[in-house]
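Single-letter residue listing:
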Amino acid sequence: MIEFGIKDFLDILLVATLLFYTYRVMRESRSLNVFAGIMIFLMVWGFVSQVLEMRLLGAILDKLVSVGVVVVVVIFQDEIRKFLYNLGAHRGVRTLIRMFSPHHPGEREMAQLKKGIMPIVMAALQMSKSKVGALIVVEHNVPLDDIVATGEVIDAAVNQRLIENIFFKNSPLHDGAMVISNYRIKAAGCILPVSHDLTIPKELGLRHRSALGMSQESDALCIIVSEETGAISTAHNGRFRLKLSAEELEGELTEYLK
């Protein structure tokens, strides 16, 4: 008689969850056929080894599985890193971390925060009115040194006029992204990873795709000003917030950086 308990139910549930997340990551990276091929190979391996008990073929497939794990890790290292990052960035995990490291900014810290945020907000508002395209990446916990290295290093204090001048249409750096870290403009003209998510609305251009790609690979907050419409949007944790007002942008930056 086969016994089926809570442990067995949890075992099946965890395996199903793992397969679902693996399927979703593969689908987003357009590697769904590879995922299907791996699943078919594993089913054949299990059938040959456990049901038919073919020792020679089973031994060969065992060796292929051992080597295949390393090959899969090498081929899909970016997808695996993204999966682990998304796991750590999950809202429940972040809440648990905050419980063990409670920190509430004081008045001086909030004043410093507002001082660093307002030039970004005002620059975005002004560029929105003038329909000047812009892409600003605000670094948080994950270092963006590799992104900074793709652009021109500036390392200047955050300043509204400087931000507007960098994204001015005749500026040589206006097409790239600006990286801001610790209330300083680290670099401009940077190249960001582009998201290939098929759910992105077609009316959103390359700046939005780059912002979403950056937000999927780090915990950065990306601010986009549309050159066509002047709309201000943000991308964070792989999600857009579209058509924000200056007050909404200020609130999101404050919540993000405090």
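Heads up: these notes are all about the structure in this document. Since the model is a prediction, treat every value here as computed from it, not as a measurement.

Let us look at the pairing of strand β7 (residues 239-244). Sheet analysis places strand β6 (residues 232-236) next to β7, joined by four bridges and oriented antiparallel. Residue pairing across strands places Thr234 opposite Arg241, the latter belonging to β7. A loop of two residues connects β6 with β7, the two strands running antiparallel in sequence, and Asn237 in this loop sits at a positive phi of about 55°.

Across the sheet, which stays open at both edges, the seven strands sit in the order β2-β4-β3-β1-β5-β6-β7 with mixed pairing between neighbours. A strand with exactly one partner marks an edge of an open sheet, and here the two such strands are β2 (152-157) and β7. Each strand axis lies, on average, 20° off the axis of its neighbour in the sheet, ignoring direction. When strand β5 (residues 221-225) meets β6, the two strands line up antiparallel, connected through four bridges. In the strand pairing of β6, Cys222 is matched with Ala235. Helix α9 (residues 206-217) rests against β1 (134-138), β5, β6 and β7 of the sheet, and its axis sits at about 175° to β5. Contacting β1, β5, β6 and β7, helix α10 (residues 246-257) crosses the sheet at an angle of about 145° to β7.

Moving on to α10. Along its twelve residues, α10 runs 16 Å from first to last C-alpha, staying within 8% of the 16 Å computed at 1.5 Å per residue. Along α10, the residues classified as buried are Ala246, Leu249, Glu252, Leu253, Thr254 and Tyr256.

With that settled, the discussion passes to the pairing of β5. Summarising burial for β5: five of the five residues are buried, a large majority. Where burial is concerned, the two faces of β5 agree: the one with Leu221, Ile223 and Val225 and the one with Cys222 and Ile224 are both buried. As defined by bridge partners, β1 adjoins β5 across five bridges and the pair is classed as antiparallel. Each residue of the ladder has a partner; that of Val138, found in β5, is Leu221. Hairpin geometry of β5 and β6 is characterised by an intervening segment of six residues between the two adjacent antiparallel strands and by a positive phi of about 80° at Gly230.

Moving on: α9. Under the 1.5 Å per step criterion, the end-to-end length of α9 is 17 Å for twelve residues, consistent within 8% with the ideal 16 Å. Of all the twelve residues making up α9, nine are buried; the element is thus mostly covered by neighbouring parts of the structure.

This paragraph deals with unusual backbone geometry. One non-glycine residue, Lys131, adopts positive backbone phi at about 55°. Examined against the element boundaries, Lys131 turns out to sit in the loop between α6 (107-130) and β1. Take Lys131: its relative accessible area is 39%, and that puts it in the partly exposed class. With a phi angle near 65°, Tyr183 is a residue other than glycine that sits in the positive phi range. Along the polypeptide, Tyr183 turns up in the loop between β3 (177-181) and β4 (184-190). For Tyr183, a relative accessible area of 29% corresponds to the partly exposed category.

Another point: the environment of His208. Position of His208 among the secondary structure elements: in helix α9. Separated by 16 residues in the primary sequence, His208 and Ile224 have C-alpha atoms spaced 6.7 Å apart.

Rules used in this analysis
Residues numbered from 1 in each chain as written. Predicted model: local features only at pLDDT ≥ 70, side-chain atom pairs only at ≥ 80, totals over all residues. Heavy atoms only, no water. Pairing = 2+ DSSP bridges. Helix = DSSP H or I, 4+ residues; strand = E, 2+ residues; numbered from the N terminus. Axes fitted to C-alpha atoms, helices over the stretch in contact; angles between N-to-C directions. Contact = heavy atoms within 4.5 Å. Expected span 1.5 Å × (residues − 1). Buried < 20%, exposed > 50% of the residue type's maximum accessible area, 1.4 Å probe, protein only.

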